[in-house]
Structure formats: C-alpha cells, structure tokens
Amino acid sequence: MKYKTDVVVIGGGAAGIAAAYRAKEEGVKVILLERDEDTGGVLNQCIHNGFGLQYFRKDLTGPEFKELAKERLNNIEILFGTYVLEVRKDKTITFVDRRGIHEIETKALVMASGARERHFNSLPVPGKRITGVFTAGLAQRFINLENLKPGSKAVILGSGDIGLIMARRLTLEGIKVEAVLEIMPYPGGLERNIQQCLKDFGIPLYLSHTVTAIEGDRRLEKVIAAQVDYKWDPMPGTEKEFEVDTLITSVGLIPQTKPVNFVEADPGFLVSNTNQTSEDWIFAAGNCTVIFDLVDYVAKEGEKAGKYAALYAKGEYKKGKKVKVRKGENIGIIHPVYIDPTQESTLYIRVSKVFDRASIKVEPLGIEIIENDARPPEMVVVKLKPFDENINEIEVIADELISKLG
Ligand SMILES: Cc1cc2nc3c(=O)[nH]c(=O)nc-3n(C[C@H](O)[C@H](O)[C@H](O)COP(=O)(O)OP(=O)(O)OC[C@H]3O[C@@H](n4cnc5c(N)ncnc54)[C@H](O)[C@@H]3O)c2cc1C
C-alpha cells in the first residue's frame, strides 16, 4: 500500500505522542508509526510514580502518564504493529506490518524512536555467558508486564534511575537485593530515587565498585566485585563475593537512531533548538537524541519537534541559521548542539562532576545561573530568548564554586 502525508512520526512513546499531537494542532495530516500494539513505549513498564510532575502537574505512574497523553491523539492515524525498515533521502519511508511492505511519501518526519539498553556482554567481564544475567529493562518487563520472577537473590550493577527503581521493585517482589554497585564515585540516579529505592529498604550502595567476574555452571551462582581506582581499574585485595542467582545490569541507554543513517548523530541525533537535524525535513526528539532523566522534558521536546515539523511541511519554517553550542569546562552533556537564534531555546545540561554550588554560564550571552547541589545525573535546564544573529558560537561552562568530589 502507498500512503501520502504531511508529517510522519516514528515511535509512539512519550516523545512521539507529543509530536503527533502538536503537529496535528498545526492543521497538517499526521501518521504515527509504532511497532508495538499500543502507544507509550517504555512508560508501559514503569508502574512506579514520579512521572508528569511538570508536564501534567500531577504525580503519575508511567501508564497513567501515557493514558493522559494519549487522550490528545484523537483523529490521528496510528499504524500499530509497524516496523520502519528504511527512511530514504527522497522523503519515502518503508515499513513492514502483518500485511506486507508499505511506503509513505511525506513532507517532514519526526524521529521519536527512543533508546536501547547497553548489554552486559558489551562489558569486559570474564566468565561464561550463563543464564541469570538480565538488563534492568528486561527484568522490569518480566516482572511488571509478564508476571515472571527473574530470580531470588540479586546484585544490581549501575545506580542510574533504572537500576535504583529495579532495586526497589525486586525487593517488593520478594527478591533479596544484596547490593547495588556503581563504578563512579557518586550515584548515577536522582537523589529522590536514592532515598526512596535504596535507603528506605536498607539496600547497600557500593560506590567506585564494579563486577570483575561472574561464576556459575548453567545458572549464575556468584558475582565477584571489586573497588576501582580513578582509572576504573579494579584494586587488588578489595574483592567482594555475592552468592546470588541474578545479576541485573543498568549500565546505560544508547539512543536508537536506526533506520536513519544519513543524519548527523553522536550517538543520538544532533538537533537544533527547533529539533531539526542535519537533514532539513527530519526532526527528532526524546531519547533518540539524548537520554533525558524526566519524561516531562521528553514530552516538551516532542511537542516542539511536532510543531516545527508541521511548520516545515506547510513551508512556514525552513532551515534556520545554526549557531554551534560548545561544551566548555565541567560540562558532560549539552542538548541541543545547535541553536537557531531567531527562536527561543531550552538548553539541557549535565555537569561532569559533583558541585555543592555551580555557576553555569552561557557565553557570550552573559547568562549565569547558580545551581545548588549540581550532579551529573540531574539535568540543569536553562531557557534562552532569541539572540543576535551575528553570534557564531555559544559556550556553556560550569565553574566550581565549591566542589565535593573533584
Ligand atoms: C526504568 C525507567 C524509569 C524511569 N523513571 C522515570 C520517572 O520516574 N520519572 C520520569 O519523568 N521519567 C522516568 N523515566 C524516563 C522516561 O520514561 C523516558 O525518558 C521516556 O518515556 C522516553 O520516551 P521516548 O518517547 O523518547 O522513548 P520510548 O518510550 O522508548 O519510545 C520509543 C518508541 O519508538 C518505537 N520504535 C522504535 N523504533 C521503531 C521502528 N523502527 N519502527 C516503529 N516503532 C519504533 C518503540 O516501540 C517505542 O514505543 C524512566 C525511564 C525508565 C526506562
């Protein structure tokens, strides 16, 4: 079958729902493609609360957030069970479903394809690849959606939000969590999750620790961990052994940019403040650009991508001038990496170390914000008004007013 539309959105998670809704508000024809049989993406398996405090001004679970967001999708054509195979430069998209292979001709595209989990097998850990080792997202899906119990005693590698939330979830399911191990000298997740998921349940967190080996015959029997030095090398004599049948790894998400392979990406799509990629007609939002800590940011970015994609389809927004945003001292991640100075911008910043008080400056715009307790896991958000089009580059710097952990 051959379709024709103004805007295609690939991915029906928080970013894709918001993009489709906002594009439709601009009065254009929208088609949303989702490989699952429902919208929501990762929200469906996140049954804990903490979603939507800014976007809906309510404390929601993932599925509740999805239900509220989805109410806005009336009159939008959604094709479920569709897997996008190819996006071509001639603005043609090929997807497959149960009926076969189809094509869509579009004027603009929003990529909202989310992220995938980094797997344990990508880590240099010796030992057999035995059963009992799961990524956090897979374990979450087993427990929350498929009513399966992955094991009885576990160690979690990685203290990002997903690792922390899984520590609590496993405990509530009667699985004993012996430890959460974190290679960095500070926790990887939000402060509220350290308290609510570990401290409230008495689960120990070992900072500057990693897994050095796993043992077992058919099923995991032992996890061996050690303290690491500043180069992340395990320190002899610091080994700890955990007799567990389950290892949950939460060692990072990788933006999913496939099947688009002709657009600038590192590793996610590099976009401007209008969510435009290096290919004028392709816009991107959510975890396929950068890994966001809050769904509220993902939804806001999705709306923006939908708006500008629709304006592009109507011929009301072309390629804006792109001012480069440079990562200066003590900045780990900056998003977006380009700014169209004629439009408003929201910068999402992760500092690269822990600060008691950080002064974050955007130069040469002369903007400074002071952020108490700035830490790499929590994004700092800075809003910019349109600025002088003669500026060619802006730089973001974090100054160390008082640093806890150099
Ligand atoms: C365990 C966990 C806990 C979290 N806790 C919180 C929290 O407490 N509070 C909070 O605010 N945020 C939280 N977040 C973050 C938030 O949930 C995510 O940032 C957000 O939901 C990501 O949305 P997304 O649309 O970018 O990606 P996704 O939800 O991953 O959606 C991507 C969609 O694209 C589809 N797709 C991908 N490729 C294709 C293709 N080729 N063809 C068709 N469809 C495709 C996928 O099926 C999927 O539905 C959490 C995230 C996780 C994983």
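Residues numbered from 1 in each chain as written. Predicted model: local features only at pLDDT ≥ 70, side-chain atom pairs only at ≥ 80, totals over all residues. Heavy atoms only, no water.

### Focus on the overall build of the protein
Now for step 1: In terms of helices and strands, the protein carries six helices and 29 strands.
Now for step 2: A compact globule built from 406 residues should have a C-alpha radius of gyration of about 22 Å, and the protein, at 22 Å, falls within 12% of that.
Now for step 3: Based on the C-alpha atoms only, the size of the protein along its principal axes is roughly 65 × 55 × 40 Å.
Now for step 4: Scored against the burial criterion, the 406 residues of the protein give a buried share of 55%.
Now for step 5: Once local pairs closer than 6 in sequence are excluded, the contacts in the protein between residues at least 24 apart make up 63%.
Now for step 6: When the accessible surface of the protein is split by element, carbon and sulfur atoms take 48% of a total near 18,000 Å².
Now for step 7: Here the protein carries 54 positive and 58 negative side-chain charges, and the mean point of each set is 3 Å from the other. (Helix = DSSP H or I, 4+ residues; strand = E, 2+ residues; numbered from the N terminus. Rg over C-alpha atoms; globule rule 2.2 N^0.38 Å. Buried < 20%, exposed > 50% of the residue type's maximum accessible area, 1.4 Å probe, protein only. Contact = heavy atoms within 4.5 Å. Areas by Shrake-Rupley, 256 points an atom, 1.4 Å probe, with all protein chains shown as cover. Lys, Arg positive; Asp, Glu negative; His and termini not counted. Charge placed at Lys NZ, Arg CZ, Asp CG, Glu CD.)

### What about the nonpolar core?
Now for step 1: Membership of the largest hydrophobic core comes to 67 residues, with the highest contact counts inside it found for Val7, Val9, Leu33, Phe65, Val87, Leu109 and Met111.
Now for step 2: Ranked by residues supplied to this core, first place goes to helix α6 (residues 295-313) with 11 residues.
Now for step 3: Excluding residues that lie within four positions of it along the chain, valine 9 makes contacts with Gly16, Ala19, Ala20, Val30, Ile31, Leu32, Leu33, Val110 and Ala112.
Now for step 4: Ala358, Ile360, Val380 and Ala398 belong to the second-largest nonpolar core, a separate cluster that totals 21 residues. (Core = buried A, V, L, I, M, F, W, Y, C linked by side-chain atoms within 4.5 Å.)

### Considering empty space enclosed by the protein
Now for step 1: Scanning all chains against the criterion turns up one cavity of 30 Å³ or more.
Now for step 2: Taken as a whole, the largest cavity spans an internal volume of roughly 40 Å³.
Now for step 3: In terms of residue count, the dominant contributor to the lining of the largest cavity is helix α1 (residues 14-25) (four residues).
Now for step 4: Taken together, the residues of the lining of the largest cavity sort by class into seven nonpolar, no polar and one charged. (1 Å grid on protein atoms, 1.4 Å probe; cavity = no way out; pocket = protein on both sides within 12 Å on 5 of 7 lines; lining within 4 Å. Points joined across faces, edges and corners; volume = space filled by probe spheres on them. Nonpolar A, V, L, I, M, F, W, Y, C, P; charged D, E, K, R; others polar.)

### Regarding the sheet that holds strand β9 (residues 100-105)
Now for step 1: The strand order β1-β9-β8-β7 describes an open sheet built from four strands, whose pairing is mixed. In this open sheet, the two edge strands, each paired with only one partner strand, are β1 (2-4) and β7 (83-87). Going across the sheet, the axis of each strand differs from the next one's by a mean of 25°, ignoring polarity.
Now for step 2: Looking at chain direction, strand β8 (residues 92-97) and β9 are connected through six bridges and run antiparallel. Residue pairing for β9: aspartate 97 is matched across the bridge by glycine 100. (Pairing = 2+ DSSP bridges. Axes fitted to C-alpha atoms, helices over the stretch in contact; angles between N-to-C directions.)

### Digging into the packing of α1 against α6
Now for step 1: The interhelical angle for the contact between α1 and α6, taken along N-to-C directions, is 35°, at an axis separation of 7 Å. Considering the relative orientation of α1 and α6, their crossing is right-handed. Where α1 approaches α6, its residues Ala14, Ala15, Ala18, Ala19, Tyr21, Arg22 and Ala23 are matched on the opposing element by Val295, Val298, Ala299, Gly302, Glu303, Gly306, Lys307 and Ala310.
Now for step 2: Its residues assigned to classes, the contact of α1 with α6 comprises 10 nonpolar, two polar and three charged. (Left-handed = near helix turned anticlockwise from the far one by under 90°.)

### A look at the side chain of threonine 94
Now for step 1: Of note, threonine 94 is situated in strand β8.
Now for step 2: Apart from residues no more than four positions distant in its own chain, threonine 94 is found in contact with Tyr83, Val84, Leu85, Glu86, Arg88, Ile101, His102 and Glu103.

### Overview of the UniProt feature "domain: FAD/NAD(P)-binding" (unreviewed entry) in the protein
Now for step 1: Within the UniProt annotation, "domain: FAD/NAD(P)-binding" (unreviewed entry) is assigned to residues 6-297.
Now for step 2: Span residues 6-297 is 19% helix and 30% strand, its end C-alpha atoms 25 Å apart. (UniProt positions renumbered as here; feature names shortened; annotations may be inferred.)

### Some points on the site of the ligand
Now for step 1: Near the ligand you find 34 residues, and of these Glu34, Val42, Gly50, Asn287 and Val295 are the closest.
Now for step 2: At a separation of 2.9 Å, an oxygen atom of the ligand approaches a polar backbone atom of valine 42.
Now for step 3: In the model, an oxygen atom of the ligand is placed 2.8 Å from a nitrogen or oxygen of the valine 295 main chain.
Now for step 4: Here the ligand has 1,000 Å² of accessible area as a free molecule, and 94% of this is covered by the chains. (Near = heavy atom within 4 Å. Polar contact = N/O pair within 3.5 Å; in protein donor to acceptor, adjacent residues only side chain to side chain.)

### Things to note about the packing of aromatic side chains
Given two aromatic rings, their pairing is described by the distance between the two centres and the angle made by the two planes.
Now for step 1: Taken as a whole, this structure holds 10 aromatic pairs when the rule is applied.
Now for step 2: Ring geometry for tyrosine 55 and phenylalanine 56: centres 5.0 Å apart, planes at 75°, overall edge-to-face. This pair shows no difference in class: tyrosine 55 is buried, exactly as phenylalanine 56 is.
Now for step 3: Each ring, one from phenylalanine 56 and one from phenylalanine 65, has its centre 5.0 Å from the other, and the planes form 65°; the classification is edge-to-face. (Phe/Tyr/Trp six-rings, centres within 6.5 Å; stacked < 30°, edge-to-face > 60°.)

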